[in-house]
Amino acid sequence: MAHVLPPLARAPGPPPFRPPLPPSVVTAAEFRVAFRELGIFDAVLEILASTYRFKRDASAIIHLASFWSPGTNTFTFPWGEATIMLEDVAVLRGFHADGSPVPAPLPPQWGSNEEALNGVRLDFNRSACKKAHHAAWLKHFLTDTDMETVIEHAAFHALWLTRFVLPGHPESTMHQSLFPLVVRMARGDRVALGPAVLASLYHDLREMKTYLVAVGAFGGNGELMSPLSVHAPLYILQLQMWERFPILCDGKANPIKDGEPRAAR
């Protein structure tokens, strides 16, 4: 941490020798600048730098889903309606609404970058791993020092999106469908992740409500039905619930220090 010192009374001498920053520090600084330009610095900061943990309350999420109205995309509580909005996704998780849409096409001149990522995925499929699991993907790009910078950036975005932002089935494996998006992000395209994340929450809340209604038709016996799989980042709903209804949060809210994410509460 740098400190600001008062000027010395005597005439200043030559500036002190400052060794160049090691490559790891330079790389980290470059990543920070790139993430700010892409509009995802706040979200990435929470994943990479935050050590905050909270216990997920699955029963609370299911209970919330029981109030969901698919027709209006709102929670219909006895006292009125409420919902989760783009502002909630941005404040609680750092996914902003400004930028190009997630499904925008990949420019043809960047197609080789997508092919490079997919080539790594196919190599895993042909190996003993059979699939490009998250851990194997991470190890590959950490050990391959000859990889182009843009491919490294895209590979990181792919892991981040697949695991934390837009997960899907099968879990714990890389999804080829996200490769055009991550190449765009690595190339400097600012993408609006907020609407896509919110849409995934609405979709899975609709699926959960449909499932709960069907379970009720079977007399509450869910064992007679096929299991339900949802993949949206539903923990955002829990964070929103604690923000709107602090009494439901176990323990006291922590004061947020400068630079800490909202989830630090």
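Located above this text is the structure these notes cover.
Before going into details, it helps to say that this report is about the structure given with it. No experiment lies behind these values; they were computed from the predicted model shown. (Residues numbered from 1 in each chain as written. Predicted model: local features only at pLDDT ≥ 70, side-chain atom pairs only at ≥ 80, totals over all residues. Heavy atoms only, no water.)

**Looking at the overall build of the chain**
Step number 1: In terms of helices and strands, the chain carries ten helices and three strands.
Step number 2: The linear arrangement of helices and strands in the chain, starting from the amino end, is α-α-α-β-β-β-α-α-α-α-α-α-α.
Step number 3: When the 265 residues of the chain are sorted by exposure, 37% land in the buried category.
Step number 4: Sequence separation of at least 24 residues holds for 69% of the intrachain contacts in the chain that already meet a minimum separation of 6.
Step number 5: Surface accessibility of the chain: about 16400 Å² in total, with carbon and sulfur atoms responsible for 60%. (Helix = DSSP H or I, 4+ residues; strand = E, 2+ residues; numbered from the N terminus. Buried < 20%, exposed > 50% of the residue type's maximum accessible area, 1.4 Å probe, protein only. Contact = heavy atoms within 4.5 Å. Areas by Shrake-Rupley, 256 points an atom, 1.4 Å probe, with all protein chains shown as cover.)

**Looking at unusual backbone geometry**
Step number 1: Despite not being glycine, Asn-73 has its phi angle at roughly 55°, a positive value.
Step number 2: Turning to its location among the elements, Asn-73 is positioned in the loop between strand S1 (68-69) and strand S2 (74-77).

**Focus on the environment of Ala-132**
Step number 1: Positionally, Ala-132 belongs in the loop between helix H5 (111-126) and helix H6 (134-143).
Step number 2: Overall, Ala-132 belongs to the buried group, its relative accessible area being 3%.

**What to know about the nonpolar core**
Step number 1: Within the largest apolar cluster, 55 residues are counted, with the highest numbers of intra-cluster contacts made by Leu-117, Trp-137, Leu-161 and Leu-201.
Step number 2: Top element by residues in this core is helix H7 (residues 149-165). It accounts for nine residues.
Step number 3: Ignoring sequence-local partners within four residues, the contact set of Leu-117 consists of Trp-137, Phe-141, Ile-151, Ala-154, Ala-155, Phe-179, Val-182 and Val-183. (Core = buried A, V, L, I, M, F, W, Y, C linked by side-chain atoms within 4.5 Å.)

**Remarks on the packing of H5 against H7**
Step number 1: Orientation of H5 relative to H7, taken along the N-to-C sense of each, is 60°, at an axis distance of 10 Å. If you check the angle between H5 and H7, you find them oblique. For the element pair H5 and H7, the recorded crossing hand is right-handed. Residues Asn-113, Ala-116 and Leu-117 of H5 lie in contact with H7, whose contacting residues are Val-150, Ile-151, Ala-154 and Ala-155. (Axes fitted to C-alpha atoms, helices over the stretch in contact; angles between N-to-C directions. Parallel < 35°, antiparallel > 145°, perpendicular 65-115°, else oblique. Left-handed = near helix turned anticlockwise from the far one by under 90°.)

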